[in-house]
Every structure is written in structure tokens, then in C-alpha cells.
Amino acid sequence: MEKSYRAELVGVFGCPVEENPTGVMEEAAFAKLGLNYRYLTIRVEKGNLKPAMEAVRAFQMRGVNLTIPHKVEVLQYLDELSPAAKIIGAVNTVVNRDGKLWGENTDGKGFLLSLEQEGVQVGGKHVVILGAGGAARAIAVEAALAGAEKLTIINRSRERGEELAALLQRETPAQAEYLAWEGAVKIPEGADILIQATCIGLFPHVQDKPEIDYDTVASSMVVSDVVFNDPHTLFLQEAQKRGAKTVNGLGMLVNQGARNFTLWTGEEAPADVMTETLKKEFGL
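Residues numbered from 1 in each chain as written. Predicted model: local features only at pLDDT ≥ 70, side-chain atom pairs only at ≥ 80, totals over all residues. Heavy atoms only, no water.

**Q** I'd like a rundown of the packing of helix 8 (residues 250-265) against helix 9 (residues 271-281), residues and numbers included.
**A** At their nearest, the axes of helix 8 and helix 9 sit 10 Å apart, and the two run at 135 degrees to each other. By the criterion of interaxial angle, the relationship of helix 8 to helix 9 is oblique. Helix 8 and helix 9 meet at a crossing whose hand is right-handed. Residues Leu-250, Leu-253, Val-254, Gly-257 and Ala-258 of helix 8 pack against Ala-271, Met-274, Thr-275, Leu-278 and Lys-279 of helix 9. Broken down by class, the residue content of the contact of helix 8 with helix 9 amounts to seven nonpolar, two polar and one charged. (Axes fitted to C-alpha atoms, helices over the stretch in contact; angles between N-to-C directions. Helix = DSSP H or I, 4+ residues; strand = E, 2+ residues; numbered from the N terminus. Parallel < 35°, antiparallel > 145°, perpendicular 65-115°, else oblique. Left-handed = near helix turned anticlockwise from the far one by under 90°. Contact = heavy atoms within 4.5 Å. Nonpolar A, V, L, I, M, F, W, Y, C, P; charged D, E, K, R; others polar.)

Next comes the structure, spelled out in C-alpha cells:
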């Protein structure tokens with residue numbers, strides 16, 4: 001067989017996308033396995049997603065990731081969705097299957113795996129989630145499907161918070177409720193797992209933290225943050241001061257990236273290489 005100089009293309013569409021480190025991690029994994037793939041970090045502004053998705057087919061890309069603000073809009077340009085993505089109503093990963101675009105949401109699955117790797121299970125637990133956006137929706141749905149007994153959604157927008165709680169009640173076996181986020185909100189007594197699923201603390205706003213009553217964070221809780229750069233968020237630092245077990249956002253980033261890698265290539269991802277690459281990138 002003659003040598004081919006054509007690389008298989010994958011990437012991420014988003015805006016802003018300049019601070020997204022996924023490409024560094026995926027490229028390291030491709031190199032480890034000797035795969036001729038390239039991960040492109042592409043700025044696609046709101047309003048330009050349709051031609052960008054047409055380009056996925058035109059360029060015969062293997063697939064793409066979607067980030068802000070495209071995770072919901074992309075649904076209208078896809079041919080098929082995974083069962084979880086249908087419930088979540090948002091997609092962060094697209095796979096091109098011979099011209100048919102299939103959508104999945106690997107955020108929640110990657111997050112739950114990061115908890116499991118720290119010895120934390122959601123089955124039978126009361127899970128409290130700060131936020132009701134894309135990441136929060138994915139995590140809430142996957143936690144409910146994995147057996148969480150109760151989910152409490154705390155969100156500034158009552159409409160979005162109540163909508164997510166109603167979705168969980170309707171589509172999953174879990175109990176779900178909405179709690180208004182007014183002022184320094186108190187974390188409900190008896191909560192087992194607290195998850196910060198907003199963009200608060202994301203680079204460059206690393207000195208920001210959610211407005212909650214941190215004295216209601218109990219030492220018995222597991223506290224996690226989806227923010228990954230810097231992974232030592234002020235939110236997690238406050239939880240550590242109160243004796244809670246903490247799980248940062250690096251695991252979620254690696255695990256969802258590893259799932260994407262396998263969906264695109266059919267190969268098992270070298271997760272250890274991906275983790276070490278990110279740690280080096282963040283100076284950890």
C-alpha cells in the first residue's frame with residue numbers, strides 16, 4: 001500500500017476556544033498510538049455553526065467536539081443521537097459515520113468515571129448540583145441514570161433550574177427538586193455529593209468562587225468542581241478547609257477526552273498519557 005499523507009481530522013468548535021486544552025491531550029494520545037490524526041481547535045462564532053457542521057462532512061472529518069455556545073444548537077444538524085444525549089438535550093461529541101453525524105454527550109459519563117476513580121459512587125446518594133447549564137444537565141442525567149436517589153438543582157435562573165428538575169423527574173428514576181439560588185445559598189442538610197457545574201472559576205477568572213454558605217459544606221460530603229484550569233479552585237479550597245473530600249475537574253476532562261478518542265479511532269485511549277500531558281500543561 002502506498003504511503004498516505006492525508007491525516008484524519010477531528011477537532012473542537014467553540015467561541016471562545018483559545019483556552020481549550022483538549023487538542024494538546026488528544027494529540028499526545030494520537031502520537032502515543034502512532035495514529036495519523038490531527039486535532040484542530042477552531043473558533044466558530046455563534047451563527048456560523050451550520051456551515052461548520054457541513055464542513056465536517058465535506059472534509060470527511062472523523063468527528064468534532066462542541067463547546068460553548070454550540071452544544072444545543074448542534075442537535076438540529078445531526079442524523080442520530082445517543083439515548084443519553086436525547087434526554088440531556090445537548091451534545092459535546094459528534095462522530096462522522098460514513099457521512100451520518102451521530103451525537104453523544106460524554107461530559108456526564110466522564111465526570112462519573114472521575115468520581116469512581118476516587119472511590120465515590122452516586123448510587124443511592126443525594127447529589128446537589130450548582131448550575132443548570134450544559135455540564136450540569138449532562139452530569140445530572142447521568143447521575144440519575146446511575147442510581148442517584150435524589151438530585152437538588154441550585155440555579156440562579158428559576159426557569160432553567162425548574163426545567164432541569166422536571167426533566168429528571170420525568171425521564172429518570174431519581175427524585176429531583178429545584179432550590180432557588182438567592183444570596184449565599186445553604187447546601188441542604190444530608191447532601192452526600194456537592195458538584196460545582198457552572199463556569200465560575202474558569203480561566204481567566206480563577207479568583208472567583210460560587211456564592212454559597214460554605215459553613216453548610218459538611219466534612220462528610222464529597223465536593224467536586226468541573227472547572228479544570230486551574231484545577232485547585234477556590235471552591236475546592238473552601239471545601240477542603242471544612243474537611244470534605246474533593247475531586248477536581250482534571251479527571252472529567254481526561255475521561256470525556258478518552259471516550260471521544262475511542263469513539264473517533266476505535267482504539268482504547270492511553271488515559272495515563274492524556275493525564276500526564278494535561279498536568280504538564282497546567283504546571284502540576
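**Q** Mind laying out the packing of aromatic side chains, listing which residues take part and the relevant values?
**A** For the structure shown, the criterion picks out five aromatic pairs. Judged by centre distance (6.1 Å) and plane angle (50 degrees), the ring pair of Tyr-39 and Trp-264 falls under tilted. With Tyr-39 in strand 2 (residues 37-43) and Trp-264 in helix 8, this pair connects stretches of sequence that are 225 residues apart. Taken as a pair, Tyr-39 and Trp-264 share a single burial class, namely buried. For Arg-97, the ring lying beneath its charged end belongs to Trp-102, and the centroid distance is 4.2 Å. (Phe/Tyr/Trp six-rings, centres within 6.5 Å; stacked < 30°, edge-to-face > 60°. Buried < 20%, exposed > 50% of the residue type's maximum accessible area, 1.4 Å probe, protein only. Lys NZ or Arg CZ within 6 Å of the ring centre and 35° of its normal.)

**Q** Go over unusual backbone geometry, please, and point to the residues and values.
**A** Along the chain, Cys-15 connects to Pro-16 via a cis peptide bond; the corresponding omega equals 5 degrees. In this fold, Pro-16 is placed in the loop between strand 1 (8-14) and helix 1 (22-33). Following Ile-68, the chain continues into Pro-69 via a peptide bond in cis, with omega recorded as 5 degrees. Looking at the element boundaries, Pro-69 is found in the loop between strand 3 (63-66) and strand 4 (80-81). Backbone geometry places Asp-98, a non-glycine residue, at a positive phi of 55 degrees. Locating Asp-98 in the fold gives a position in the loop between strand 5 (93-97) and strand 6 (100-104).

**Q** Give me the lowdown on the pattern of salt bridges, citing residues and values where you can.
**A** On inspection of all chains with the given rule, the structure shows 19 salt bridges. Across the salt bridge formed by Glu-211 and Arg-156, the nearest N and O atoms sit 3.2 Å from each other. With Glu-211 in the loop between strand 10 (193-196) and strand 11 (222-225) and Arg-156 in the loop between strand 8 (150-155) and helix 6 (158-171), the pair connects residues that are 55 residues apart, well separated along the chain. Judged by its relative accessible area of 41%, Glu-211 falls in the partly exposed class. (Salt bridge = Lys/Arg side-chain N within 4 Å of Asp/Glu carboxyl O.)

**Q** So what's going on with the sheet that holds strand 8? Which residues, and what values?
**A** Spatial strand order, 9-8-7-10-11-12: six strands in an open sheet with parallel pairing. Looking at which strands have only one partner, the edges of the open sheet turn out to be strand 9 (175-180) and strand 12 (245-247). In this sheet, neighbouring strand axes are inclined to one another by 20 degrees on average, regardless of whether the strands run parallel or antiparallel. Here five bridges tie strand 7 (residues 126-130) to strand 8, and the two strands are oriented parallel to one another. From the neighbouring strand, Leu-130 faces strand 8, where its bridge partner is Ile-154. With respect to the sheet, helix 5 (residues 134-145) is in contact with strand 7, strand 8 and strand 10, its orientation differing from that of strand 8 by roughly 170 degrees. (Pairing = 2+ DSSP bridges.)

**Q** Can you tell me about the environment of Ile-42, naming the residues and giving the values?
**A** With respect to the helices and strands, the residue Ile-42 is situated in strand 2. Placed 30 residues apart in sequence, Ile-42 and Val-12 show a C-alpha to C-alpha distance of 5.9 Å. Here Ile-42 is in contact with Val-12, Phe-13, Gly-14 and Val-17, once residues within four sequence places are set aside.

**Q** Now, about helix 9: what can you tell me, with residues and values included?
**A** Burial in helix 9 covers these residues: Met-274, Thr-277 and Leu-278. Relative to the axis of helix 9, the buried residues are bounded by an arc of 95 degrees and lie together on one face. With respect to the buried face of helix 9, the exposed residues turned more than 90 degrees away are Asp-272 and Lys-280. Check the buried side of helix 9 and you find it contacts helix 1 and helix 8. One or two residues past the end of helix 9 sits Gly-283, with phi positive at roughly 70 degrees. (Arc of directions from axis to C-beta.)

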